[in-house]
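Descriptive analysis of the structure
The primary structure of each chain is shown beneath.
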Amino acid sequence: MKDILILAESQLNSIAGISEAEVLFQELSEYLEPEDINQLKNVYFYSQSAHSGQFRESGEPYISHPLAVTGILGRLHLDVETLTAALLHDVMEDAHVSKTEISNRFGESVAELVDGVSKLDKMEFRTHADAKAKNFHKMLLAMTQDVRVIFIKLADRLHNMQTLEVVGAEKQRRVARETMEIYAPIADRLGLNNIYQELQELSFYYLFPTRYKVLKKAIKITRSNRQEAIKEVLGAIKQCLEEAGIDAKISGREKQLYSVYKKMLEKHLAFSEILDIYGLRILVKDVSSCYATLGILHNLYKPIPGKFKDYIAIPKINNYQSLHSTLLGPYGAPIEIQIRTMDMHRISEVGVASHWLYKNLDTNPDDLRMQTSQWLKNLLEILSNSADSLESLENFKIDLFPREIYVCTPQGKILTLPRESTAVDFAYAVHTDIGDRCVAVKINGENAPLRTKLRSGDHVEIITAPHAEPNSTWLTYVSTGKARSRIRHFLKTMHYEESIVLGRRLLNQALLSLKIDPKTIDIVQWERIARESGVNSEKELLADIAIGKYLPIIIARRLTLPGNIIPSEHLVNNPISILGTEGFAVQFAKCCRPIPGDSIVGFIKKSQGLIVHTHDCESIVKYRSNSDSWLDVMWGEETAKFFETGIKIIVINQRGVLAKLTTSIAKMGSNIDNVNIESDGAHTVINFTLQVSNRRHLATVIRDLKRIQEVVRINRIRG
Ligand code: MN
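What counts and how
Residue positions are given per chain, counted from 1 along the sequence in the order it is written. Where local features are concerned, this predicted model is filtered to residues with pLDDT of at least 70; where side-chain atom pairs are given and counted, the filter is 80 or more; whole-chain, interface and lining totals use all residues. To obtain the side-chain values, all non-hydrogen atoms of the structure were used and water was disregarded. Only DSSP runs of H or I reaching four residues or more are called helices, and only runs of E reaching two or more are called strands; each is numbered from the N terminus. Exposure categories follow from relative accessible area, calculated using a 1.4 Å probe and restricted to protein chains: below 20% of the type maximum is buried, above 50% is exposed, and the middle band is partly exposed. The contact rule is simple, with two residues in contact once any of their heavy atoms fall within 4.5 Å. Computed with a 1.4 Å probe, the accessible areas rest on the Shrake-Rupley method; for each residue, only the protein chains presented here act as cover. We call an atom a donor if it is N, O or S and sits within 2.8 Å of the metal, or 3.2 Å for Na, K and Ca. Water is not counted, so some sites may look partial. Each axis is a line fitted through C-alpha atoms, taken for helices only over the stretch in contact, and angles between the N-to-C directions span 0 to 180 degrees. Just so you know how the angles are binned, under 35 degrees is roughly parallel, over 145 roughly antiparallel, 65 to 115 roughly perpendicular, and the rest oblique. Residues are grouped as follows: nonpolar covers Ala, Val, Leu, Ile, Met, Phe, Trp, Tyr, Cys and Pro; charged covers Asp, Glu, Lys and Arg; every other residue, Gly included, is treated as polar. Any two strands with at least two DSSP bridges between them are considered paired. Take a side-chain nitrogen of Lys or Arg and a carboxyl oxygen of Asp or Glu: if they are within 4 Å of each other, that pair is a salt bridge. Definition of a polar contact: a pair of N or O atoms within 3.5 Å, with one able to donate and the other able to accept a hydrogen when the atoms are protein atoms, and with sequence-neighbouring residues admitted only if both atoms are side-chain atoms. Only buried residues count toward a nonpolar core. Its members are Ala, Val, Leu, Ile, Met, Phe, Trp, Tyr and Cys residues joined through side-chain atoms within 4.5 Å. Marked domain ranges trace back to an automatic or database domain assignment. What counts as a ring pair is set by centres within 6.5 Å for rings of Phe, Tyr and Trp (its six-membered ring), and what kind of pair is set by the plane angle: stacked under 30 degrees, edge-to-face over 60, tilted for all other angles. A ring is scored as having a charge over it whenever the NZ atom of a lysine or the CZ atom of an arginine sits within 6 Å of its centre and within 35 degrees of its normal. Each residue carries a pLDDT value, the predictor's own confidence for that position, ranging from 0 to 100.

1. Focus: the overall build of the chain
The secondary structure content of the chain amounts to 28 helices and 20 strands. Going through the 719 residues of the chain one by one, you find that 50% of them count as buried. Intrachain contacts of the chain at a sequence separation of at least 6 include 68% that bridge at least 24 residues. Accessible surface, the chain: about 35000 Å² in total, of which carbon and sulfur atoms supply 52%.

Written out as structure tokens, the structure is:
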């Protein structure tokens, strides 16, 4: 980091945004230690150099944006990690800095925060189409294990709203609507009152510019008309409180334009009918002073019935506390008053976070993470205990006690899955057919194994292949009932008949290896062995053999146990033929990926059934000695089935070479299941997982690939 620091220091005076930075650090030094400020300066220099050459739509250097976002959060007195992440919040998306790099430079938790914000950014573009937002809310909150991500996101959105003037009208409306529907309500829920109101006000301005301006003007006129009355009221209140010995800070408060507008809409009122556009806020030292002040004011002016609300006794869902009342002032103008303590006031601005963010700041900064999560828990408690809104209570229970995750389909649809769900669960949740045919998955654009556990906010795209089928190993990691029962069902029914046939072949071969003619086994023996094995029929037993529940050689020995069958020396033991259509009863080893034409051997593995390896596969050498488990197998006649295999291609680095390769592969009638690319400068190694029908097919694919100029070498991957 040092080199960057020196570089940036030397540029201090030549780069715009510096004075903004100075102002920011000045502000932050009000509550942070000098060492924290120095640390943040380094982060700032880093971010500035990452964003260098980038500009906002206004033409300002990009760094002015993260600076402003950090400033908003600094005003909430948030911790150093949050501020660090705020300075860096766009470097992943816009400057392509990796999460690992952030983690190495600034620590794991900062990296998590930045990553969290970046994920939210992506979602914004894909899901605003169904900005009904209920699911979006859920996902947003669920994916944010660390609520500081939401703080940063809200500050980011606020600054974008503050600087929305420069973008086109259509974008203004879209962003404003999204802000109104999604971000403002979240700020409200979190008790970030100032951010909430500013977001709302700005959205209103961009959504309805004319109404906004008309209303603003109307309020201005009314205000000047009422100035005398307000002055009089202020003076009277001050005097009364002084006489009562109550120390109070009184400030005038104008209603938000948007709340005036909303009231006009909801109550079908004309502006002239809205009278309480002006209010007073009175801050006192403790709760008893609040009630005392209320008493004095109610004595001074007549309260309007039905307007009194005691949010001290029953706080709002976001922990807001205050006394509200509306008084009938002189000349009949209603005046809304809010009375609260300084502590309550702070909560109304920073939300419940203030408890932890202020109180414990000097105890141990390392505990901040814990404190944040403590805070989140507290928020949950508040939300769960609040009788205020049953509906939001329900939502929060689901959201923030996340037994569930929320993930996105490529179409932007949001699916709810149980925690621990994998890509296979997702595939089945989308559609049974997708589940049955899934072969690979892309999570947030990156290839990942099907067993990968999904996280809230992931964008998941399932890759299917027409001949793919469920695999028994999926059962070891799926967690939804739907996926599990569907895979079981498939394995049982779709391949029951085939399993029986294979089981019979496996058993016959085992019998032949004991020099016993399968035809000599009679119904009595079958019934005995079925009974002993706890199954209902010969067929069931054969199917069990095929799926590896029993080793064929053991059943063969038990069948012949009484010794009444005489071995014959004339029997020939033929290899078992494999078609590849036996479904899950036969598996092709992942290590060597045999395809028709390869010379193969079978290996029976308990509980997995018959696994087919290539003859020369290295991974099976150690099992050679256990001859009971080995089977002679051969390829049966050709089927339309495709088999998975791997090739490794070394190419010269050249633009467009990957496209040439994939086109060639497709042209030769093969499917690509997976691609993995590693580059080392001049050369690139590309590993393809392909589907081919047999060795001949693979050979034609490779031959065609070799015609491509940039290809240096092609190998089939074995082991
Ligand atoms: Mn941003």
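There is more to say, and it comes next.
2. Regarding the coordination of the manganese ion
Looking at the metal site, the manganese ion is ligated by His65 (NE2), His89 (NE2), Asp90 (OD) and Asp156 (OD), spaced 2.2 to 2.3 Å from it. For the manganese ion, the single-chain donor residues occur in sequence as H-x23-H-D-x65-D. With His89 in the loop between helix H5 (80-87) and helix H6 (91-95) and Asp156 in helix H10 (residues 148-162), the pair connects residues that are 67 residues apart, well separated along the chain. Residue classification places Asp156 among the buried residues on the basis of a relative accessible area of 4%.

3. Regarding the packing of helix H13 (residues 209-243) against helix H14 (residues 257-267)
Interhelical geometry of H13 versus H14 gives an angle of 100° and a closest axis separation of 10 Å. With respect to each other, H13 and H14 are oriented roughly perpendicular. Across from Arg211, Tyr212, Leu215, Lys216 and Ile219 in H13, the residues of H14 making contact are Leu257, Val260, Tyr261 and Met264. Among the residues forming the contact of H13 with H14, the class breakdown is seven nonpolar, no polar and two charged.

4. So, the sheet that holds strand S9 (residues 438-443)
One open sheet holds the three strands; their spatial order is S10-S9-S11, and the pairing between them is antiparallel. Each edge of the sheet is formed by a strand with only one pairing partner; in this case those strands are strand S10 (446-448) and strand S11 (460-464). Within the sheet, the average angular offset between the axes of one strand and its neighbour, ignoring direction, is 35°. Examined bridge by bridge, S9 and S10 share three bridges and lie antiparallel to one another.

5. Overview of unusual backbone geometry
With phi around 60°, His77 is a residue other than glycine that occupies positive phi space. For His77, the position within the fold is in the loop between helix H4 (64-75) and H5.

6. Section: the packing of helix H12 (residues 193-207) against H14
Angle between the axes and distance between the axes are the two parameters that describe a pair of packed helices. Put simply, H12 and H14 touch, their axes get as near as 8 Å, and they point 65° apart. When the interaxial angle is binned, H12 and H14 end up roughly perpendicular. Across the interface between the two elements, Gln200, Glu201 and Phe204 of H12 pack against Leu257, Tyr258 and Tyr261 of H14. Looking at the contact of H12 with H14 residue by residue, the class counts come to four nonpolar, one polar and one charged.

7. Regarding the pattern of salt bridges
Enumeration according to the criterion identifies 19 salt bridges in this entry. Between Lys453 and Glu420 there is a salt bridge, and its shortest N-O distance comes to 3.3 Å. Of the two residues, Lys453 is situated in the loop between S10 and S11 and Glu420 in the loop between strand S8 (414-418) and helix H20 (423-430); the sequence distance between them amounts to 33 residues. Judged by its relative accessible area of 44%, Glu420 is partly exposed.

8. A look at the side chain of Ser421
Counting through the fold element by element, Ser421 comes out in the loop between S8 and H20. According to the relative accessible area criterion, Ser421 is buried, its value standing at 0%. From its side chain, Ser421 meets the backbone oxygen of Pro418 in a polar contact 2.6 Å long. Those residues within four positions of Ser421 in sequence are excluded, and the remaining contacts are Ile405, Thr452, Lys453, Leu454, Ser479 and Thr480.

9. Considering the nonpolar core
If you look at the biggest cluster of nonpolar residues, it comprises 76 residues, and the most contacted ones within it are Leu28, Leu73, Leu88, Ile102, Leu154, Ile195 and Leu199. Formed jointly, this core draws a minimum of three residues from each of two domains, domain 1 (2-209) and domain 2 (216-356). Discounting residues that sit within four places of it in the chain, Ile102 has contacts with Leu88, Val91, Met92, Val97, Gly107, Val110, Ala111 and Val114. One finds Ile521, Leu542, Leu559 and Ile600 within the second-largest nonpolar core, a separate group that totals 53 residues.

10. Quick look at the packing of aromatic side chains
Throughout the structure, instances matching the rule amount to 15 aromatic pairs. Note on Tyr205 and Tyr212: the rings are 4.9 Å apart at their centroids and 75° apart in plane angle, and the pair reads as edge-to-face. Note on Tyr212: relative accessible area 14%, which makes it buried. Judged by centre distance (6.3 Å) and plane angle (45°), the ring pair of Tyr258 and Tyr261 falls under tilted. Highlighted residues: Tyr258 and Tyr261, both in helix H14, separated by three residues, approximately one helical turn. Both residues of the pair, Tyr258 and Tyr261, belong to the buried class. Here a set of aromatic residues connected by ring pairs shows up, and it is made of Phe204, Tyr205, Tyr206, Phe208, Tyr212, Tyr258 and Tyr261. Looking at Lys41, its charged tip hangs above the ring of Phe25, at a distance of 5.7 Å from the centre.

11. Let's talk about helix H24 (residues 523-533)
Gln525, Trp526, Arg528, Ile529, Ala530 and Ser533 are the residues of H24 that are buried. The secondary structure elements touched by the buried residues of H24 are helix H23 (496-513), helix H25 (538-546) and helix H26 (552-559). Gly534, located one to two residues past H24, shows a positive phi value of around 75°.

12. Points about the confidence of the model for the chain
Of all residues in the chain, 79% attain a pLDDT of 70 or more, and the chain-wide mean is 78. Low pLDDT, under 50, characterises residues 358-402; the predicted model gives this stretch 66 contacts beyond four residues in sequence or across chains.

13. Focus on the environment of Pro449
Within the secondary structure, Pro449 sits in the loop between S10 and S11. As for Pro449 and Val424, which are separated by 25 residues in sequence, their C-alpha atoms are 9.7 Å apart.

14. A short note on the sheet that holds strand S18 (residues 671-680)
A sheet is described by the order of its strands in space; here four strands give the open sequence S18-S19-S17-S20, paired in antiparallel fashion. Of all strands in the sheet, those bounded by a partner on one side alone are S18 and strand S20 (711-716). Taken pair by pair, the neighbouring strands of this sheet meet at an average axis angle of 20°, ignoring direction. Where S18 meets strand S19 (residues 683-692), nine bridges bridge the pair, whose relative direction is antiparallel. By the bridge assignment for S19, Asn674 is matched with Thr689. Sitting on the sheet, helix H27 (residues 657-667) is in contact with strand S17 (643-652), S18, S19 and S20, with an inclination near 20° to S19. Most of the contacts of helix H28 (residues 695-706) go to S20, to which it runs at about 170°, and overall it touches S17, S19 and S20.

15. Overview of the environment of Ser485
Note on placement: Ser485 falls in helix H22 (residues 481-494). The sequence separation of Ser485 and Leu475 amounts to ten residues, and the corresponding C-alpha distance is 9.3 Å.

16. Observations concerning the pairing of strand S14 (residues 600-605)
Burial of S14 is extensive: five of the six residues sit out of reach of the surface. Summarising the sheet, S14 and strand S16 (residues 630-635) pair through three bridges and their orientation is antiparallel. Bridge pairing in S16 places Phe603 opposite Trp630.

17. Looking at the environment of Pro418
Along the chain, Pro418 turns up in strand S8. The exposure class of Pro418 is partly exposed, given its relative accessible area of 34%.

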